[in-house]
Amino acid sequence: ECLRYSPYPRGASDAREAVAAHHTAQGASLRADAVVITAGTSEGYAHLFRLLADPGDRILVPRPSYPLFELLAGLESVEIDAYPLRFGRGRWHIDLPALEAAAADSRIRAVMTVNPNNPTGSLASADEVRALRALCRKRGVALVSDEVFAAYRSGRARADAPGTLLPDVGAAEEGPLTLVL
């Protein structure tokens, strides 16, 4: 078996099945054939930027957040625009009016979130996730959620913060296109 070379570009089927099972256990709708294994999130972002945007198109990212978004997007000739996260009432939250205004740009192809956020550790609330999905549906853009550190949620994490931004089984067909790293 070791001498046979038969690579599969989406990754080993047992790994894809394990990822799908992990998300399905959280109530999400995900089939193993919809999973793509990459060598890390940087490679994943490169593929997503090429898939979702043409050169000169824009992706919305939260600020503060993961500092490499601009570099990774720039390598694919995609531009980054930021929407603010604000601290108030003891927690970080998405500035939804500012996000709505930024998403009005016709060059926007996706809205990204990092859940939990790096460096704030904040999680999107259920209401914020509903607002993100509604905005992406309305604008016809993808929702991309970086959930690399989801397993490290604080024990004091918000009870209303979903474990994943993948849609529930009953909501998968409503859209928007949702991608999780």
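Data block above holds the structure.
Residues numbered from 1 in each chain as written. Predicted model: local features only at pLDDT ≥ 70, side-chain atom pairs only at ≥ 80, totals over all residues. Heavy atoms only, no water.

Trainee: Can you explain the pairing of strand β2 (residues 79-88)? Please cite residues and give values.
Mentor: Here strand β1 (residues 58-63) pairs with β2 via 6 bridges, running parallel. Note on β2: the bridge partner recorded for Val-61 is Ala-82. Bridge count for β2 against strand β3 (residues 91-94) is 4 bridges, and the pairing is antiparallel. Across the sheet, Leu-85 pairs through a bridge with Ile-94, a residue of β3. In this antiparallel pair of consecutive strands, β2 and β3, the connection spans 2 residues, and Arg-89 shows a positive phi of 55°. (Pairing = 2+ DSSP bridges. Helix = DSSP H or I, 4+ residues; strand = E, 2+ residues; numbered from the N terminus.)

Trainee: An account of the sheet that holds strand β6 (residues 178-180) is needed here, citing residue identities and associated values.
Mentor: Taking strand neighbours across the sheet as the criterion, the 6 strands line up as β3-β2-β1-β4-β5-β6 in an open arrangement whose pairing is mixed. Because the sheet does not close on itself, it has two edges, and the strands there are β3 and β6. Recorded for the sheet is a direction-independent mean angle of 25° between the axes of neighbouring strands. Inspection of the sheet shows strand β4 (residues 108-114) paired to strand β5 (residues 142-146) by 5 bridges, in the parallel sense. What sits directly across from Val-111, in β5, is Leu-143. (Axes fitted to C-alpha atoms, helices over the stretch in contact; angles between N-to-C directions.)

Trainee: Let's hear about the nonpolar core: which residues, and what values?
Mentor: Nonpolar side chains tend to gather and get buried jointly when the protein is soluble and globular. Counting residues in hydrophobic clusters, the biggest one holds 18 residues, and the most contacted among them are Phe-49, Ile-59, Phe-69, Met-112 and Val-144. Elements represented by at least two residues in this core include exactly α2 (41-52), β1, α3 (69-75), β4 and β5. Among all residues touching Phe-69, those that are not within four sequence positions of it are Tyr-45, Phe-49, Val-61, Ile-80, Met-112 and Val-114. Counting 17 residues, the second largest nonpolar core, distinct from the first, contains Val-129, Leu-132, Val-141 and Leu-165. (Core = buried A, V, L, I, M, F, W, Y, C linked by side-chain atoms within 4.5 Å. Buried < 20%, exposed > 50% of the residue type's maximum accessible area, 1.4 Å probe, protein only. Contact = heavy atoms within 4.5 Å.)

Trainee: Describe the environment of Leu-123, with residues and values.
Mentor: With respect to the helices and strands, Leu-123 occurs in the loop between β4 and α5 (126-139). Exposure remark for Leu-123: the relative accessible area of 8% places this residue in the buried category. Along the sequence, Leu-123 and Gly-163 sit 40 residues apart, while their C-alpha atoms lie 9.1 Å from each other.

Trainee: Tell me what's going on with unusual backbone geometry, and back it up with residues and numbers.
Mentor: Cis peptide bonds are those with omega within 30 degrees of zero, and the linkage from Arg-63 to Pro-64 qualifies with 5°. Position of Pro-64 among the secondary structure elements: in the loop between β1 and α3. Put simply, Asn-118 and Pro-119 share a cis peptide bond, and its omega is 20°. By the element assignment, Pro-119 lies in the loop between β4 and α5. Unlike most non-glycine residues, Ser-77 shows phi in positive territory, near 60°. In this fold, Ser-77 is placed in the loop between α3 and β2. Phi at Arg-89 takes a positive value of approximately 55°, unusual for a residue other than glycine. When you line up the elements, Arg-89 lands in the loop between β2 and β3. With a relative accessible area of 81%, Arg-89 lands in the exposed category.

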